[in-house]
Amino acid sequence: MRKKATLITGAAGEVGQALVERVSQQENTHIISMDIKPLPPELDSKVQHIVGDILDKSLFNRLVSEYDITHIYHLAALLSTSAEYQPMLAHDINVGGTMQLLQLAAEQSEWKRNPVKFIFPSSVAAFGMGSLENKAANPRPQEWEWNNPITMYGCNKLYGETLGIYYSNHYKQLADDNPTMLDYRCVRFPGLISAYTVPSGGTSDYGPEMLHAAAQGKPYACFVRESAAISFMAMPDAVTSLIQVASAPREKLKHQIYNITAFSLSAEEFAEYVKKHFPDAEITYESDINRQRIIDSWPIDMNDDAARRDWGWNPDYDAERAFSEYLVPNIRKRYES
Ligand code: SER
């Protein structure tokens, strides 16, 4: 019999590292993590890590010959700013990688007549508000509203959502309630902030960058204007959401794509929280026209009522608590040592 395993792709990324840490605390879960980069040593000992390319089909064929993969957390992606520099590569990774794993999960579900759970983090980037007037007038869009992304990453995520719905409901036009269909669940993340890692290649990065710079006593030039506002979430809540949506009873899930959010801040409000804890922080604003356009296209907040209703989504950290209890104490420790 093949050994049961949970697969986490993009494991060396920000969400990946936090998820590996949390899932490895669950007993009796064999975790196979994957990334093009190695894991930091303190995490590497907790899982079976494979350094490999998400597009390497033979690698996945070898994996399923040895393991019964019951859960896939497919996190590997090129983020929104990076993807604008390399749109073809972004498409290959973000769409090709997702497609490859969905196909694998669909085949495995069909073969063992038991659905593989496929957890996909989508993003606020799936929205495109069209104008600042629309953004102001529609601060909390529902999942299906304003789905007009202006970035390659946003287009890729929106299509990844659509593919997930296809593979879990319509694959080969099998019947909806067929037990061989994979079980696809997706959350749309806002900007994420970790105390332990710094993001790279995203557009919401100005928030975490501002905070990490202040903790190191470095000046920071924010690449969006003071009034630019989107929603954010502390990393522990992001990981909790993935685990919660994965373990929710299927009959409770009325949707497959869920907005989730924790708190919405303008860049200036973000800076105020930073300065409250690091009064000497030097923060200036040098708006980058391209990255500003991207942030302007994302909503101020998202309507996450469906997630709250269907699977009890309720973030632990609002802005106040995120800064004072999670971010600042842990970031201080990180840079003091
Ligand atoms: N944080 C991501 C980015 O900025 C959005 O999901 O690309």
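Please refer to the structure higher up on the page.
Report follows, based on the coordinates. This structure is a prediction, so every number in the text was calculated from the model and none was measured.

**So, the overall build of the protein chain**
- Across its full length, the protein chain carries 13 helices and 12 strands.
- Compactness check: the protein chain gives a C-alpha radius of gyration of 20 Å against a globular reference of 20 Å for 337 residues, within 12% of the reference.
- Considering only C-alpha atoms, the protein chain reaches an extent of 60 × 45 × 40 Å along its principal axes.
- Per-residue burial over the protein chain gives 57% buried out of 337 residues.
- Taken as a whole, the protein chain presents about 14700 Å² of accessible surface, with 51% of it coming from carbon and sulfur.
- Charged side chains in the protein chain number 32 positive and 43 negative. The centres of these two groups are separated by 6 Å.

**Digging into the site of the ligand**
- Every residue lining the ligand is accounted for by Leu 79, Ser 80, Ser 123, Tyr 153, Gly 202, Thr 203, Ser 204 and Trp 298.
- Measuring from an oxygen atom of the ligand, one finds a side-chain N or O atom of Ser 123 at 2.7 Å.
- Within the side chain of Tyr 153, an N or O atom sits 3.3 Å from an oxygen atom of the ligand.
- The protein chains hide 92% of the 230 Å² of surface that the ligand would expose on its own.
- Its residues assigned to classes, the shell around the ligand comprises three nonpolar, five polar and no charged.

**Structural notes on the packing of aromatic side chains**
- Applying the stated rule across the entire model yields 14 aromatic pairs.
- Centre to centre, the rings of Phe 232 and Phe 270 are 5.1 Å apart; their planes meet at 65 degrees, and the pair counts as edge-to-face. Residue Phe 232 is found in strand β9 (residues 229–234), and its partner Phe 270 is found in helix α10 (residues 267–277); the two are separated by 38 residues along the sequence. Across the pair, Phe 270 and Phe 232 agree in class, each one buried.
- Three or more aromatic residues joined by ring pairs make a cluster, and in this case those are Tyr 206, Phe 223, Phe 232, Phe 270, Tyr 273 and Phe 323.
- Directly above the aromatic system of Phe 223 lies the positively charged group of Arg 291, at a separation of 3.7 Å from the ring centroid.
- Its end group placed over the ring of Tyr 317, Arg 321 keeps NZ or CZ at 4.8 Å from the ring centre.

**Notes on helix α3 (residues 57–66)**
- Residues Leu 59, Phe 60, Leu 63 and Val 64 constitute the buried set of α3. Down the axis of α3, the buried side of the element spans an arc of 125 degrees, and every buried residue falls inside it. Away from the buried face of α3 by more than 90 degrees, exposed residues Lys 57, Arg 62, Ser 65 and Glu 66 are located.
- Turning to α3, the residues buried within the fold contact β1 (3–9), β2 (31–35), β3 (48–51), β4 (67–74) and α5 (87–112).

**Points about the environment of Glu 14**
- Note that Glu 14 resides in helix α1 (residues 14–23).
- By relative accessible area, Glu 14 is classed as buried at 18%.
- On a C-alpha basis, the gap between Glu 14 and Gln 26 in space is 20 Å, while along the polypeptide they are 12 residues apart.

**Some details on the sheet that holds strand β7 (residues 191–193)**
- Judged by pairing direction, the sheet is mixed, and its three strands sit side by side in the order β7-β9-β11 without closing on themselves. With partners counted over all chains shown, the strands left at the sheet margins are β7 and β11 (263–266), one partner each. With strand direction ignored, the average angle separating the axes of adjacent strands in the sheet is 45 degrees.
- One ladder, built from three bridges, connects β7 with β9; its direction is parallel. By the bridge assignment for β9, Leu 192 is matched with Met 233.
- Strand contacts of helix α13 (residues 319–336): β7, β9 and β11, with the helix running at about 90 degrees to β11, the strand carrying the most contacts.

**Here we look at the sheet that holds β1**
- In space, the seven strands of this open sheet follow the order β3-β2-β1-β4-β5-β6-β10, with parallel pairing throughout. A single partner strand is all that each edge strand has here, and the edge strands are β3 and β10 (257–259). The average undirected angle you get between the axes of adjacent strands in this sheet is 20 degrees.
- As defined by bridge partners, strand β6 (residues 183–189) adjoins β10 across three bridges and the pair is classed as parallel. Residue Cys 186 lies in a different strand from β10, and its bridge partner there is Ile 257.

Quick notes on the rules
Residues numbered from 1 in each chain as written. Predicted model: local features only at pLDDT ≥ 70, side-chain atom pairs only at ≥ 80, totals over all residues. Heavy atoms only, no water. Helix = DSSP H or I, 4+ residues; strand = E, 2+ residues; numbered from the N terminus. Rg over C-alpha atoms; globule rule 2.2 N^0.38 Å. Buried < 20%, exposed > 50% of the residue type's maximum accessible area, 1.4 Å probe, protein only. Areas by Shrake-Rupley, 256 points an atom, 1.4 Å probe, with all protein chains shown as cover. Lys, Arg positive; Asp, Glu negative; His and termini not counted. Charge placed at Lys NZ, Arg CZ, Asp CG, Glu CD. Near = heavy atom within 4 Å. Polar contact = N/O pair within 3.5 Å; in protein donor to acceptor, adjacent residues only side chain to side chain. Nonpolar A, V, L, I, M, F, W, Y, C, P; charged D, E, K, R; others polar. Phe/Tyr/Trp six-rings, centres within 6.5 Å; stacked < 30°, edge-to-face > 60°. Lys NZ or Arg CZ within 6 Å of the ring centre and 35° of its normal. Arc of directions from axis to C-beta. Contact = heavy atoms within 4.5 Å. Pairing = 2+ DSSP bridges. Axes fitted to C-alpha atoms, helices over the stretch in contact; angles between N-to-C directions.

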